[in-house]
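Analysis of the macromolecular model
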Amino acid sequence: MLPDRLSEAINKQIHHELQSAYTYLAMSAHFENEGFDGFAHWMEMQHSEEMMHAMKLFRYVHERGARVKLVALEAPEVRQGKPIVVFEQALETEKANTSAIHELYSIANELKDYATVSHLKWFLDEQVEEENSIETILAHMRIAGEDPSALLLLNQQLGQRTPEADDGEE
Ligand code: MG
């Protein structure tokens, strides 16, 4: 069985991942409305990623014989402005998620629940990738600047994103 404190902390993280997924879905809708179909597609893929993270933890809680408790999500807010503003918000979303994973990791360590520590390692690596891929997009957006053709090319590139494999872990 999972210690209660850890079960609560993982449930909190499930909520965090679902809330992130919801935010990315709103960002996808935002870009769809703005005519950036490629950015909309990228955000939709990002939504799927976050759902996959939530489901990994959802299954883990059950594997450990504990209970999943779902709570209400907040209405997501997307910052209005140029595409770069939305991607900056995406980076902040990921950074907040990284901090939440770190906090959860430290609770698992403190409680010497090494199975959870091991399970969370995948998430630590994943966050490095998530932040890095958004940093790269932001760098490209800064280079594109006010040039509409460069921005449309970037839109086209991000429209090519394919779903990531679940690492075949479970
Ligand atoms: Mg996540």
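Remember, predicted model here, so these are calculated numbers, not experimental data. Note on numbering: residues in each chain are counted from 1, in written sequence order. Side-chain atom pairs in this predicted model are given and counted only at pLDDT of 80 or more, local residue features only at pLDDT of at least 70, and totals for whole chains, interfaces and linings cover all residues. Hydrogens and waters are ignored; side-chain quantities use all the structure's heavy atoms.

When a metal carries six donors in an octahedron, the ideal angles between them are 90 or 180 degrees, while four donors in a tetrahedron ideally lie at 109.5 degrees. Each metal site lists N, O and S donors within 2.8 Å (3.2 Å for Na, K and Ca). With water left out of the atoms, a site can look as if it is missing ligands. Note on the magnesium ion: its protein donors are Glu17 (OE), Glu50 (OE) and His53 (ND1). The metal-donor distances range over 2.1 to 2.2 Å. Sequence spacing of the donor residues for the magnesium ion, all on one chain, is E-x32-E-x2-H. Linking Glu50 with His53, this pair stays in helix H2 (residues 37-63), spanning three residues, or about one helical turn. His53 carries the same exposure label as Glu50, and that label is buried. The secondary structure listing takes helices from DSSP runs of H or I that are at least 4 residues long and strands from runs of E that are at least 2 residues long, numbered from the N terminus. Any residue under 20% of the maximum accessible area for its type is buried, any over 50% is exposed, and the rest in between are partly exposed; the area is computed with a 1.4 Å probe on protein chains only.

The subject of this paragraph is the pattern of salt bridges. Salt bridges are identified by distance alone: a Lys or Arg side-chain nitrogen within 4 Å of an Asp or Glu carboxyl oxygen. According to the stated counting rule, one finds four salt bridges in the structure shown. Its salt-bridge partner being Lys82, residue Glu146 comes within 3.9 Å of it at the nearest N-O pair. Remark: Lys82 occurs in the loop between H2 and helix H3 (83-110) and Glu146 occurs in the loop between helix H4 (114-144) and helix H5 (148-158); sequence separation between them is 64 residues. What makes Glu146 exposed here is its relative accessible area of 65%. When its relative accessible area of 49% is taken as the criterion, Lys82 is described as partly exposed.

In this fold, His30 is placed in helix H1 (residues 4-34). C-alpha of His30 to C-alpha of Ser7: the two residues are 23 residues apart in sequence and 35 Å apart in space. Working rule for contacts: check all heavy atoms of both residues, and any pair within 4.5 Å makes them a contact. For His30, the residues in contact, after removing those within four places along its chain, are Val78, Arg79, Gln80, Gly81 and Val86.

Time to look at the packing of H2 against H3. Following both chains from N to C, one finds H2 and H3 inclined at 10 degrees, their axes separated by 12 Å at the closest point. The pairing of H2 with H3 is recorded here as roughly parallel in orientation. In this structure, H2 contributes Phe39, Trp42, Met43, Gln46 and Glu50 to the contact, and H3 contributes Pro83, Val86, Phe87, Ala90, Glu94 and Asn97. Classifying every residue of the contact of H2 with H3 by side-chain character gives seven nonpolar, two polar and two charged. With axes taken as lines fitted to C-alpha atoms, and helix axes fitted only over the stretch in contact, angles between N-to-C directions fall between 0 and 180 degrees. Comment on the angle field: the value is read as roughly parallel under 35 degrees, roughly antiparallel over 145, roughly perpendicular from 65 to 115, and oblique elsewhere. Note on residue categories: nonpolar means Ala, Val, Leu, Ile, Met, Phe, Trp, Tyr, Cys or Pro, charged means Asp, Glu, Lys or Arg, and polar means any other residue, Gly included.

Two rings belonging to Phe, Tyr or Trp (six-membered ring only in the last case) form a pair when the distance between their centres is within 6.5 Å. Interplanar angles under 30 degrees mark stacking, angles over 60 mark edge-to-face geometry, and anything in between is tilted. One pass over the full model with this rule turns up seven aromatic pairs. Each ring, one from Trp122 and one from Phe123, has its centre 5.0 Å from the other, and the planes form 85 degrees; the classification is edge-to-face. Within the aromatic cluster, the residues linked to one another by ring pairs are Phe31, Phe36, Phe39, Trp42 and Phe87. Two thresholds decide whether a charge sits over a ring: the Lys NZ or Arg CZ must be within 6 Å of the ring centre and within 35 degrees of the ring normal. The cationic tip of Lys56 hangs over the ring face of Trp122; the distance from NZ or CZ to the ring centre is 4.2 Å. The cationic tip of Arg161 hangs over the ring face of Trp42; the distance from NZ or CZ to the ring centre is 4.5 Å.

Right, let's talk about the layout of surface pockets for a bit. Approximately 170 Å³ is the volume found for the largest pocket. For cavity detection a 1 Å grid was placed over the protein atoms alone, and a set of points counts as a cavity when a 1.4 Å probe fits there but cannot get out; an open set counts as a pocket when protein lies on both sides within 12 Å along at least five of seven lines, with lining residues being those that have an atom within 4 Å of a point. Along its surface, the largest pocket is lined by 13 residues, and Trp42, Glu129, Ser133, Arg161 and Glu164 are the ones closest to its centre. Those elements giving two or more residues to the lining of the largest pocket turn out to be H2 and H4. The biggest single contributor to the lining of the largest pocket is H4, with seven residues. Residues of the lining of the largest pocket, tallied by class, amount to three nonpolar, four polar and six charged. Grid points are joined across faces, edges and corners, and a volume is the space filled by probe spheres set on the points.

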